[in-house]
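Structure at a glance
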Amino acid sequence: DGLYIDLQKLAKASQKKLTLHLDRLKAVLHPAVSLSTALEGGEDYGLLITCRPEQYQELSKTFSQRFETAFFPIGSVAEGEGVQWREQGEEISFS
């Protein structure tokens, strides 16, 4: 479904507000994957997870050791609903 649809589903299911920082996402995308493809493409280009901030370091270390690849924070979860898109600190409209 791409990140756009996956984030909408996750926000609805969790009844939380998700914020995605597009500049962070762009920084970690494989060069062959465009931002548009990552957001709207039907293929899975990566793993989307959520965790508590205090769990991030240990989870990141364990994941990296087990799978020999890293993952990176590209957003956050907060009280509220829906998905907020940000780029360079500014909220943007993405539809």
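Residues numbered from 1 in each chain as written. Predicted model: local features only at pLDDT ≥ 70, side-chain atom pairs only at ≥ 80, totals over all residues. Heavy atoms only, no water.

1. A few points about the environment of E91
- For E91, the position within the fold is in strand β4 (residues 90-92).
- Apart from residues lying up to four places away in sequence, E91 is in contact with Q84, W85 and R86.
- At 3.2 Å, the side chain of E91 forms a polar contact with the side chain of Q84. (Helix = DSSP H or I, 4+ residues; strand = E, 2+ residues; numbered from the N terminus. Contact = heavy atoms within 4.5 Å. Polar contact = N/O pair within 3.5 Å; in protein donor to acceptor, adjacent residues only side chain to side chain.)

2. Topic: the sheet that holds strand β1 (residues 16-21)
- Here four strands make up an open sheet; going across it, the order is β2-β1-β3-β4 and the pairing mixed. What marks the edges here is a single partner per strand, and that holds for β2 (75-79) and β4. Each neighbouring strand pair of the sheet contributes to a mean axis angle of 35°, computed without reference to strand direction.
- Examined bridge by bridge, β1 and strand β3 (residues 82-87) share five bridges and lie parallel to one another. The residue of β3 that forms the bridge with K17 is G82. (Pairing = 2+ DSSP bridges. Axes fitted to C-alpha atoms, helices over the stretch in contact; angles between N-to-C directions.)

3. Points about a nonpolar patch on the surface
- Together, L47, I49 and L59 make up an exposed nonpolar region whose accessible area comes to about 270 Å².
- Assignment of secondary structure puts L47 in the loop between α3 (35-40) and α4 (56-67).
- Owing to a relative accessible area of 64%, L47 belongs among the exposed residues under this scheme. (Patch = residues over 30% accessible without salt bridge, like charges linked within 9 Å, V, L, I, M, F, W, Y side chains within 5 Å. Areas by Shrake-Rupley, 256 points an atom, 1.4 Å probe, with all protein chains shown as cover. Salt bridge = Lys/Arg side-chain N within 4 Å of Asp/Glu carboxyl O. Buried < 20%, exposed > 50% of the residue type's maximum accessible area, 1.4 Å probe, protein only.)

4. Side note on the side chain of H21
- Within the fold, H21 resides in strand β1.
- By relative accessible area, which is 14% here, H21 ends up buried.
- In contact with H21, not counting residues within four places along its chain, are I74, G75 and R86.

5. Some points on the packing of aromatic side chains
- The full count for this structure, using the stated rule, is four aromatic pairs.
- The interplanar angle of 10° and the centroid separation of 5.5 Å between the aromatic rings of Y4 and W85 together place this pair among those described as stacked. Placement of the pair is Y4 in helix α1 (residues 2-14) and W85 in strand β3, with a sequence separation of 81 residues.
- W85 sits in the buried class, given a relative accessible area of 4%. (Phe/Tyr/Trp six-rings, centres within 6.5 Å; stacked < 30°, edge-to-face > 60°.)

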